[in-house]
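Descriptive structure summary
The residues making up each chain are set out below.
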Number of protein chains: 2
Amino acid sequence: MEAARERRDDEVEQGTVVTPSAEFPPLSPSQRAELGRIGERWRAPRADGDLPVDPALGRSDRRPVPTRFGRLAPFAMFTVEQPDELVATERANVPGSRFGRALTRLRRAVFGPPLSSTAVLYERMRKLVALPVLSSDLLSSVAYGPEAMLAVLVLAGTGALGLSLPLAAVLVVLMVAVGVSYRQTIQAYPHGAGSYVVAGDNLGSLAGLAAAAGLMVDYVLTVAVSVAAGVHAVTSALPGLTPATVPLGVLVIAVLLAGNLRGVRTAGNIFVLPTYAFVVAVLAVLVVGYARAAGRGFAPVSPPPVPAAEGLGLLLVLRAFSSGAVSMTGIEAVSNAVPAFRPSEWRNARTTLGWMVFLLVLLFAGLTGLIRLEGLVPLPGETMLSQLGRVTFPSGPWYPLLQAATTLILLLAANTAFNGFPRLLFFMARAGHAPRRFLHMGDRLAFSNGMAALAVAAALVFVAFGGHTASLIPLYAVGVFLAFTLSQAGMVVRWRRRRGPGWRRRLAINAIGAVLSALVLITAAVAKFSEGAWVVVVAVPLLVLLFQRIHRHYATLHHALALRPPAPAPPAPAPPGPAGSAEGEELPQEVRHLVVVPVARLNRASLRALAYAASLGQPTLAVHIAPEEAEADRFREQWQAWGDHLRLETIVSPYRAFVGPLAHYLEALHTTRPELTLTVIVPEVVLRRPWHRPLHSRVEQRLRAALRALPGVVVTSVPVHVAE
Amino acid sequence: MEAARERRDDEVEQGTVVTPSAEFPPLSPSQRAELGRIGERWRAPRADGDLPVDPALGRSDRRPVPTRFGRLAPFAMFTVEQPDELVATERANVPGSRFGRALTRLRRAVFGPPLSSTAVLYERMRKLVALPVLSSDLLSSVAYGPEAMLAVLVLAGTGALGLSLPLAAVLVVLMVAVGVSYRQTIQAYPHGAGSYVVAGDNLGSLAGLAAAAGLMVDYVLTVAVSVAAGVHAVTSALPGLTPATVPLGVLVIAVLLAGNLRGVRTAGNIFVLPTYAFVVAVLAVLVVGYARAAGRGFAPVSPPPVPAAEGLGLLLVLRAFSSGAVSMTGIEAVSNAVPAFRPSEWRNARTTLGWMVFLLVLLFAGLTGLIRLEGLVPLPGETMLSQLGRVTFPSGPWYPLLQAATTLILLLAANTAFNGFPRLLFFMARAGHAPRRFLHMGDRLAFSNGMAALAVAAALVFVAFGGHTASLIPLYAVGVFLAFTLSQAGMVVRWRRRRGPGWRRRLAINAIGAVLSALVLITAAVAKFSEGAWVVVVAVPLLVLLFQRIHRHYATLHHALALRPPAPAPPAPAPPGPAGSAEGEELPQEVRHLVVVPVARLNRASLRALAYAASLGQPTLAVHIAPEEAEADRFREQWQAWGDHLRLETIVSPYRAFVGPLAHYLEALHTTRPELTLTVIVPEVVLRRPWHRPLHSRVEQRLRAALRALPGVVVTSVPVHVAE
């Protein structure tokens, strides 16, 4: 479809830069040409001097008077930047109603004052800040990744724990392979190398949507798992808090949401300390632990005997492997955030990624080895990192510090999702795959709608699984490794197509990454299918279907609203088309008017509507709906007394309905002359107090709802304000 | 206030006839004169031949074509009765949407096809039908009245039961006195002698409202008590159903509501048999019972000894008396329904009332005496009428028949309230004391809104009191005797003022009724205050306050919308008034236009809105709100490409808000030139599928809400329909 291709062009042109203007995409060249052709045929004269008021508000010499219904409208709300342009000051955003103003004050107190669009450019990160901000998700997963692997192995008894070291070695190879593969992706996509973009760009829209669905599931689970693990770190240290796990977790998610709604920059600064603190704390555990082990000649402590609950089969090993693979979640963060780095963006991002993977391998391998050396086994009430901390630091402040740093980094890992999820939705929305509201940047230049959606989804998942990290882990790996696989497979296709210098080597690296990721994906999906992975296996296709339906809707809409060349003006009225040809014209000289004023009784409100209608100077018809003949006669008599200035049609509605007969009457008029634009002018009494509304029928609203479906019917509300 | 007096005149003129036209009250003479004066100054020419379509739809030679968005609009939906008048056929009431049509079909299946307004005249009753319809409330109360009295007396032990006969004698005197008093009221108010009308007419609005509040409480309690007693009659016969009391009662109320929504006539017919059956059944109990008693020489059976729980004090006797007085509830029914009789209405109504009171006295006195003779005492699990039935008819079908008739008449008594309550609300709404929606007659010529309100209130009370008759009785007498007292006191004032033939005798009769009712009222309120009567004592003043506030709102609104002479046209623009002088005019030549079109992007929808705006031929300004400077420049450039046919003002909104700055800008324009009528033309994309709406921002609706408060701002929606 041409419209879709045009939009595609726009996207490429705009790159992956996040801008508030994304809500107002530019016109494609063909649409622009159409616009000019329509403009040429426009016949209404432009009368510039005719405006009865200066639209720039500049030369006004009249002092503004506070109106009774509104509020003072000081001109200071707008400043004049250049001719024909005003700039709204911050005060112009405050709503007029008292309730609205109070709400705005509250919001600003919680989230801070609004940020101007121009501030968006300065939100760039240097490497030393980017590393903690983007790596908290990845590094924090060593807090639960080794444990997730051991918790599966121990099902086959203490003896099976020995498998942890070879499995860890395989995982380290995987981490390095995927890390190197992603380094290439970042270089190739300097404007943002998210799996959605890379897969969609090289493997087609469907693959991109599948990657996006996987990532979205992953982001939601990141928040849920990280918060669950963080709360577990707290309850390991303070077991008394265990019963409050669910409310605590929901509270943490709410606080994360509120903090993120304050904006990116504020959120970035609070990352630095806890992430480095966690790295230092875990490194301290490793150094002290291995030093102690070296003291006894690296002789492993034999673990307490645990009876085997299951046999040690291949499936169990695969389950353990894929559980350990959750340590790799979060590697995507850097590639999504390339444009957030300082220039040159891709090089800084690549360096940061290298450091991150190095730290990940170091912490993951070190912890797994030390756990083996100390002979620890998973316990239900306490995390393994906590056990390790207690063994390594039997006294002193180090153990509480380790737990505090773990808790904090896990919460910050959840925060990473608040960064990535809304950005992903933004890119999807810009391509028409997600609702457009996710394009909107809130007061604080953050994608508030996306953040709220993430918080709600994560809270639902968290509550549904009772905040148990172990129950959530099986769902985790599928989504993220789907995205990994598709992204790297996309890179393979890209190298084959473009064939730049050294493309064979690069292709090989990405292919290794893709194959390994695919193996983990299949392993995770099959081995943990019945433990919960089936939820993701079902959810991802459904999400892809939803995205496609959304895209189809927007594409149809885009096509329907696309500018088209006007048909040559027919000498006779056009034959009635199926869609109501009154909506065909975009030219003023082709609009044929009939103004219809429904009048229930003659009072100031209806006479004002009649006067407004007559002042438009178009053919006008008044309609009165009477419940019985006697009332119709009485009304006609009143109409005569008024002077019979407009043609009146009375409709007796013996069943006392008002909206139905009027809507059908208008439809009958429309059917008779489909080229007419019917303007229905409805007087509307505006009441000041909301609690007075139940005293009045909502006939205007019901009429508007009934007339919505009619093509070519314009509804005009003429308000009359009543002081009481 | 003059407006209030005028309305008063209308009411008197209209009498108490119930008509669907009450929603459209006629203009008062002064308003009519004003209308003529406004009409004389109207300057827009009437151009009859100009209408581009025949509004009578008559001479159309084009076959209607089904539209894509609506449905077939066959002209058969309207028939032409006389020139300039159409009559909507039944099909014209059916809504257009598929869901609406299904709902209509369902409603018609349950409640029957709609009734035409003309049918309202034929809903008159002859006496033999009126007696059962109107007396079921009154007569049914003998099913629980004597028991309510004895249940209090027995608290002082078996010995106190002997007081039942003298108390019954006093109650009989009271019944006769009130009955005779009401006979006079009916004669004096042949158009309906409800306490609200009589008290309001003679003692002032406050007394009328107090009587209305009392009656409303009474109607709600009638439903609750009757349903409770009816369910109790069932559970007396079938004790297994006792736990289901509350759901059974709510179900019965729902069935009553549904039945009544079908309309008055259908409801009337089902009254005849059960009421007569009940009277015959109770008379049979009395005849057989007294015959058996005569057989043993009228020697009373000594009741089983019951220990005294309280001392036999004056308060206890008064409580017993006021509990017995609930037998009189329902006497009001006839006086409310005078216009429902066949002519001559008042005479037939008076005769019917006489018969009713005679039957009441006969049944009440007979039952109380027989209970005493048989030595029965109140039992918690079984009604006294049931006990009496078991004693009188130990075998055979008579006992079940009695219980069935009792249950039926109690349910029908509840039904009486469904007749009276909405009529009362109708009269109150016509006088502006209740929400206007209670003026509306539904599909079936019944006051559906009032019926629904009654059913909801009664169900709430029933559930709140767990469906216990005994807990509800203390609340019962206060409201009804308040209405009795005020009504008869009003008659006393009336006789003193009018002094017709024999006024002294008539005054004396009404005065006796008033004094006796007042005594019962005070007795009930004081003696049963702590048992529940306080609820009514608190509720009645609150209701009166509510009615007054409602009336004040409508009066203010009526005054604000009243037609006023137009001010002489000023040569210079009028100075800005506080309420926005743009809403001052009712004359087309005084309307000064500025058309404002907010344009977000240039597509078919916005170009259509621009074309519509330009075609009106009024000064037009397009406004674009841009989130940042770059976007504003881009939009201006597109505007130039289109041809710059209309003046464009761009407003940069650096905080990315749209609705707030636009509303403030319009307010600023309005403040600069308050006499301008600003017409804001909003393009609105109408989606066919409701589930597509979440994909779009509701910016039109939010804009409309923000602009509601601005005086002189007309909002016009120009729809573009999208097929998908």
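Here the structure is a predicted model, which means the values were calculated and not measured.

Within chain A, the secondary structure is distributed over 23 helices and seven strands. Looking at chain A residue by residue over its 724 residues, the buried ones come to 60%. Partitioning the intrachain contacts of chain A with sequence separation of at least 6 by distance along the chain shows that 79% fall at a separation of at least 24. Of the roughly 27,900 Å² of accessible surface on chain A, 65% is carried by carbon and sulfur atoms.

Once that is clear, we can look at the nonpolar core. Generally speaking, a soluble globular protein has its nonpolar side chains buried in company with each other. The biggest cluster of nonpolar side chains holds 150 residues, and the ones touching the most others in it are A:L134, A:V223, A:V227, A:F278, A:M428 and A:F481. No other element matches the 19 residues that helix 8 (residues 205-237) of chain A contributes to this core. B:F421, B:M451, B:V480 and B:V536 belong to the second-largest nonpolar core, a separate cluster that totals 146 residues.

The next point concerns the interface of chain A and chain B. Facing the 173 residues of chain A at the interface are 176 residues of chain B. When chain A packs against chain B, close to 15,700 Å² is buried across both sides, 57% of that on carbon and sulfur atoms. Counting across the chain A and chain B interface gives four salt bridges. Across the salt bridge formed by A:R708 and B:E684, the nearest N and O atoms sit 3.0 Å from each other. Remark: the boundary between chain A and chain B carries 36 residue pairs in polar contact (both at pLDDT 80 or more). A breakdown of the residues in the side of chain A that touches chain B according to their chemical character gives 90 nonpolar, 41 polar and 42 charged. Two strands pair when backbone bridges link them, and strand 7 (residues 713-721) of chain A and strand 7 (residues 713-721) of chain B are joined in this way by three bridges, in the antiparallel orientation. Residue pairing for strand 7 of chain B: A:V715 is matched across the bridge by B:S717.

Aromatic rings in a pair are described by how distant their centres are and how their planes are angled relative to each other. The final tally for this structure, using the stated rule, is 22 aromatic pairs over all chains. The interplanar angle of 80° and the centroid separation of 4.8 Å between the aromatic rings of A:W42 and B:W642 together place this pair among those described as edge-to-face. Highlighted residues: A:W42 in the loop between helix 2 (29-40) and strand 1 (78-82) and B:W642 in helix 21 (residues 629-642), drawn from two different chains. Take A:W42 and B:W642: they sit in the same class, and that class is buried. Seen from their ring centres, A:F393 and A:W398 are 5.6 Å apart, and the 25° between their planes marks the pair as stacked. By way of ring pairs, the aromatic residues A:W42, B:F635, B:W639 and B:W642 are connected into one cluster.

Attention now goes to the confidence of the model for chain A. All names here are of chain A. In the predicted model, chain A carries a mean pLDDT of 82, and the fraction of residues at 70 or more is 87%. By mean pLDDT, helix 1 (residues 2-14) is the weakest element of chain A at 43, and helix 16 (residues 448-464) is the strongest at 93. Below a pLDDT of 50 lies the segment residues 59-75, which in the model reaches 44 contacts outside its immediate sequence neighbourhood of four places, other chains included. In this model residues 569-580 is a low-confidence stretch, pLDDT under 50, and it forms 10 contacts with partners more than four residues away in sequence or in other chains. Model confidence for the complex is summarised by a pTM of 0.79, with the ipTM given as 0.81.

Residue and element names in this part refer to chain B. As a packed pair, helix 4 (residues 127-140) and helix 15 (residues 398-430) sit with axes 8 Å apart at the nearest point and diverge in direction by 115°. Viewed along their axes, helix 4 and helix 15 form a crossing whose handedness is left-handed. Counting all contacts with helix 4, which are made through V133, S136, D137, L139 and S140, the residues of helix 15 involved are I409, L410, L412, A413 and T416. When its residues are assigned to classes, the contact of helix 4 with helix 15 shows six nonpolar, three polar and one charged.

Let us look at the pattern of salt bridges. Taken as a whole and assessed by the stated rule, the structure comprises 26 salt bridges over all chains. With a closest N to O distance of 3.6 Å, B:R41 and B:E590 form a salt bridge. Taken together, the positions of B:R41 in the loop between helix 2 (29-40) and strand 1 (78-82) and B:E590 in the loop between helix 19 (529-561) and strand 3 (592-598) put the pair 549 residues apart, joining distant regions of the chain. Salt bridges here are not isolated pairs; linked through shared partners, they connect A:R292, A:R296 and A:E374.

A separate point is the relation of the copies chain A and chain B. Laying chain A over chain B is done by rotating through 180° and shifting 0.0 Å along the axis; what remains is an RMSD of 0.1 Å. What the rotation and shift describe, once combined, is the action of a two-fold rotation axis. The rotation axis passes nearest to the C-alpha of A:T716 in chain A, at a distance of 2.1 Å. When the interface residues of chain A are mapped onto chain B, 100% of them again lie at the interface, so the same face is used by both copies.

Glancing now at the packing of helix 17 (residues 469-498) of chain A against helix 19 (residues 533-561) of chain A. Residue and element names in this part refer to chain A. Between helix 17 and helix 19, whose axes approach to 7 Å, the crossing angle comes to 35°. Residues P474, L475, V478, G479 and L482 of helix 17 lie in contact with helix 19, whose contacting residues are A533, V535, V536 and V540. In terms of residue class, the contact of helix 17 with helix 19 is built from eight nonpolar, one polar and no charged.

Counting through the fold element by element, A:S606 comes out in helix 20 (residues 604-615). Those residues in contact with A:S606, other than ones at most four positions away along the chain, are A:V599, A:R601 and A:P683.

All names here are of chain A. Relative to the elements of secondary structure, M328 occurs in the loop between helix 11 (314-324) and helix 12 (332-336). Along the chain, M328 and R262 lie 66 residues apart, while their C-alpha atoms are 29 Å from each other. Dropping the residues within four chain positions of it, M328 is found in contact with L138, S141, L174, M175, V178, F481 and F484.

The residue A:R656 is not glycine, and still its phi comes out positive at about 70°. Its relative accessible area of 6% is what places A:R656 among the buried residues.

Residue and element names in this part refer to chain A. Taking 1.5 Å of rise per residue, 14 residues should cover 20 Å, and helix 3 (residues 98-111) covers 20 Å from first to last C-alpha, within 8% of that figure. Among the residues making up helix 3, those that are buried are G100, T104, R108 and F111. Each buried residue of helix 3 sits inside an arc of 90° when the element is viewed along its axis, so together they form one side. In helix 3, the exposed positions angled more than 90 degrees off the buried face are occupied by R98, F99, R105, L106 and A109. Buried residues along helix 3 sit in contact with helix 9 (245-261). Just downstream of helix 3 lies G112, where phi reads positive at about 90°.

Residues and elements named next belong to chain A. Position of V544 relative to the elements: it lies in helix 19. Classification of V544 by relative accessible area gives buried; the value is 10%. Taking C-alpha positions, V544 is 9.4 Å from G214, a pair spaced 330 residues apart along the chain. Ignoring sequence-local partners within four residues, the contact set of V544 consists of L206, L209, A210 and A213.

Attention shifts here to a nonpolar patch on the surface. Together, B:F529, B:W534, B:V535, B:V537, B:V538, B:L542 and B:L545 make up a nonpolar patch on the protein surface, roughly 610 Å² of accessible area in all. Along the chain, B:F529 turns up in helix 19.

Burial of the side chains of strand 2 (residues 85-88) of chain A extends over both faces: A:E85 and A:V87 are buried on one face and A:L86 and A:A88 on the other. Note that strand 2 of chain A and strand 5 (residues 647-652) of chain B share three bridges and pair parallel. Opposite A:E85, over in strand 5 of chain B, you have B:T650 as the bridge partner.

Moving on to the pairing of strand 4 (residues 620-626) of chain A. Residue and element names in this part refer to chain A. The buried fraction of strand 4 is high, at seven of seven residues. On strand 4, burial covers both faces: T620, A622, H624 and A626 on one face and L621, V623 and I625 on the other are all buried. Pairing between strand 3 (residues 592-598) and strand 4: four bridges, direction parallel. Paired with V595 across the two strands is T620, which belongs to strand 4. With helix 20 bridging strand 3 and the parallel strand 4, this β-α-β connection has right-handed handedness. Relative to strand 5 (residues 647-652), strand 4 runs parallel, the two being bridged by six bridges. Residue A622 lies in a different strand from strand 5, and its bridge partner there is L648. Assessed by its sense of winding, the connection that carries the chain from strand 4 through helix 21 (residues 629-642) to strand 5 is right-handed.

Thresholds, definitions, all that
Residues numbered from 1 in each chain as written. Chains lettered and ligands numbered in written order. Predicted model: local features only at pLDDT ≥ 70, side-chain atom pairs only at ≥ 80, totals over all residues. Heavy atoms only, no water. Helix = DSSP H or I, 4+ residues; strand = E, 2+ residues; numbered from the N terminus. Buried < 20%, exposed > 50% of the residue type's maximum accessible area, 1.4 Å probe, protein only. Contact = heavy atoms within 4.5 Å. Areas by Shrake-Rupley, 256 points an atom, 1.4 Å probe, with all protein chains shown as cover. Core = buried A, V, L, I, M, F, W, Y, C linked by side-chain atoms within 4.5 Å. Buried area = accessible area lost by both parts, 1.4 Å probe. Salt bridge = Lys/Arg side-chain N within 4 Å of Asp/Glu carboxyl O. Polar contact = N/O pair within 3.5 Å; in protein donor to acceptor, adjacent residues only side chain to side chain. Nonpolar A, V, L, I, M, F, W, Y, C, P; charged D, E, K, R; others polar. Pairing = 2+ DSSP bridges. Phe/Tyr/Trp six-rings, centres within 6.5 Å; stacked < 30°, edge-to-face > 60°. pLDDT = per-residue confidence, 0-100. Axes fitted to C-alpha atoms, helices over the stretch in contact; angles between N-to-C directions. Left-handed = near helix turned anticlockwise from the far one by under 90°. Least-squares fit on C-alpha atoms with pLDDT ≥ 70 in both. Expected span 1.5 Å × (residues − 1). Arc of directions from axis to C-beta. Patch = residues over 30% accessible without salt bridge, like charges linked within 9 Å, V, L, I, M, F, W, Y side chains within 5 Å. Right-handed = clockwise from strand over helix to strand, strands pointing away.

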